[in-house]
Amino acid sequence: MWLQNNRPGAEVVFEHELDELTTKLAAISPRSPLGVIDGAARGKPIRRVLLWKSQQHVYYSIEESTGTVVVRSIWGARRGRRPRL
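Note that this is a predicted model, so its numbers are computed, not measured.

*Asks:* Sorry, what's going on with the overall build of the protein here?
*Replies:* Helix and strand content of the protein: two helices and four strands. Mapped from its N terminus to its C terminus, the protein presents α and β elements in the order α-α-β-β-β-β. Relative to its full complement of 85 residues, the protein shows a buried share of 28%. Only carbon and sulfur atoms are counted for the fraction: they give 50% of the accessible area of the protein, which is about 6,000 Å².

This is the structure:
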């Protein structure tokens, strides 16, 4: 993994931030989501949240029928482009 090889210790920061975000995402409702809308897939909005310290974007959507949060991608914010979703 690039992060482990090029930024020792950074994976711990990333894991901590991701753990915090997944806890928050597990507690959200479709009516009060986190992040900004950044596209759509199959007619469903895809939202983006930035992990500030690790500079990674987490792209997710919510299956409204079940309330399930689906993480679609984790993508480096510095890449200057978004992933294919």
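*Asks:* How should the side chain of S61 be read in this particular structure?
*Replies:* By secondary structure assignment, the location of S61 is in strand β3 (residues 56-63). Since its relative accessible area comes to 1%, S61 is described here as buried. Among the polar contacts made by the side chain of S61, one reaches the side chain of R72 at a distance of 2.8 Å. With near-sequence residues (within four places) excluded, S61 lies in contact with P45, I46, T68, V69, V70 and R72.

*Asks:* Which parts of the structure should I look at to understand the nonpolar core?
*Replies:* The nonpolar side chains of a soluble globular protein tend to be buried with one another. The biggest cluster of nonpolar side chains holds nine residues, and these are F14, L21, L25, I28, V49, L51, V58, Y60 and I62. Taken together, the elements giving at least two residues each to this core come down to α2 (10-27), β2 (44-51) and β3.

Each value, and the rule that gives it
- Residues numbered from 1 in each chain as written.
- Predicted model: local features only at pLDDT ≥ 70, side-chain atom pairs only at ≥ 80, totals over all residues.
- Heavy atoms only, no water.
- Helix = DSSP H or I, 4+ residues; strand = E, 2+ residues; numbered from the N terminus.
- Buried < 20%, exposed > 50% of the residue type's maximum accessible area, 1.4 Å probe, protein only.
- Areas by Shrake-Rupley, 256 points an atom, 1.4 Å probe, with all protein chains shown as cover.
- Polar contact = N/O pair within 3.5 Å; in protein donor to acceptor, adjacent residues only side chain to side chain.
- Contact = heavy atoms within 4.5 Å.
- Core = buried A, V, L, I, M, F, W, Y, C linked by side-chain atoms within 4.5 Å.

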